[in-house]
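# Geometric and topological summary
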Amino acid sequence: MGKFVKGQSGNPNGRPPGYQSPERRIGFIGVMDVKALAREWTPESINTLADIMKDVAAPASSRVAAANSLLDRGWGKPHQSVEATVNGRFDDRSDDELKRIIEGTIISIGPDSGGTEFEDIEEDMPE
């Protein structure tokens, strides 16, 4: 037992009688429908997270996780820095790009920035 025989099905009798896939059993729910259903629980979920966070009898790890979840949803996740190595030739770059690279300009990427923006350092640059 437990050995597979070459050329023979591992499940010769097929699925058991009456088997239905999960989609067929519960009906297919599209991704957008699932999101909409989950969003209906937002107020109760926030209240539950707040209750856990305020419960002094709850484990500290649960209270911290609840607090972080609330902060992330209310203020967004903290920005993360990214280090990158840029391959390519410097003589293909403009003087402005080279100044920004030399000065170590911060690149702001986030939901509030509208994409990638270079910090304006022109006024701080010596001539």
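Residues numbered from 1 in each chain as written. Predicted model: local features only at pLDDT ≥ 70, side-chain atom pairs only at ≥ 80, totals over all residues. Heavy atoms only, no water.

### Comments concerning the overall build of the protein chain
- Looking only at helices and strands, the protein chain has five helices and two strands in total.
- Going from N to C terminus, the protein chain has its helices and strands arranged as α-α-α-α-α-β-β.
- By residue count, 10% of the 127 residues in the protein chain fall in the buried class.
- When contacts within the protein chain are restricted to residue pairs at least 6 apart in sequence, long-range pairs at least 24 apart make up 14% of them.
- Accessible surface computed for the protein chain: about 11800 Å², of which carbon and sulfur atoms make up 55%. (Helix = DSSP H or I, 4+ residues; strand = E, 2+ residues; numbered from the N terminus. Buried < 20%, exposed > 50% of the residue type's maximum accessible area, 1.4 Å probe, protein only. Contact = heavy atoms within 4.5 Å. Areas by Shrake-Rupley, 256 points an atom, 1.4 Å probe, with all protein chains shown as cover.)

### Remarks on the packing of helix H3 (residues 42–54) against helix H4 (residues 60–75)
- Between H3 and H4, the shortest axis-to-axis distance is 8 Å and the interhelical angle comes to 140°. By the angle class used here, H3 and H4 are oblique. When you trace H3 past H4, the crossing you get is left-handed. On the side of H3, the interface is formed by Ile-46, Leu-49, Ala-50, Ile-52, Met-53 and Lys-54, while H4 contributes Ser-62, Arg-63, Ala-66, Ala-67, Ser-69, Leu-70 and Arg-73.
- Of the residues assigned to the contact of H3 with H4, the class counts are eight nonpolar, two polar and three charged. (Axes fitted to C-alpha atoms, helices over the stretch in contact; angles between N-to-C directions. Parallel < 35°, antiparallel > 145°, perpendicular 65-115°, else oblique. Left-handed = near helix turned anticlockwise from the far one by under 90°. Nonpolar A, V, L, I, M, F, W, Y, C, P; charged D, E, K, R; others polar.)

### Considering the pattern of salt bridges
- Enumeration according to the criterion identifies two salt bridges in this entry.
- For Asp-72, the salt bridge identified is with Lys-77, shortest N-O distance 3.5 Å.
- Between Arg-100 and Asp-96 there is a salt bridge, with the nearest N and O atoms lying 3.1 Å from each other. Placement of both Arg-100 and Asp-96 in helix H5 (residues 95–103) is noted, with a separation of four residues, approximately one turn of the helix.
- A relative accessible area of 15% means that Arg-100 is categorised as buried. (Salt bridge = Lys/Arg side-chain N within 4 Å of Asp/Glu carboxyl O.)

### Brief notes about the confidence of the model for the protein chain
- Averaged over every residue, the pLDDT of the protein chain is 75; residues scoring 70 or more account for 70%.
- The spread of mean pLDDT over the elements of the protein chain runs between strand S2 (residues 115–118), the lowest at 45, and H3, the highest at 94.
- Across residues 113–127, confidence stays below pLDDT 50; counting only partners more than four residues off in sequence or on other chains, it has 26 contacts. (pLDDT = per-residue confidence, 0-100.)

### Regarding the environment of Arg-63
- Here Arg-63 shows up in helix H4.
- Taking the C-alpha atoms as reference, Arg-63 lies 9.0 Å from Asp-51; in sequence the two are 12 residues apart.
- Look past the residues within four positions of Arg-63 in its chain and what remains in contact with it is Ile-52, Met-53, Lys-54, Asp-55, Val-56 and Ala-58.
- Within the local environment of Arg-63, its side chain forms a polar contact with the backbone oxygen of Asp-55, the two atoms lying 3.3 Å apart. (Polar contact = N/O pair within 3.5 Å; in protein donor to acceptor, adjacent residues only side chain to side chain.)

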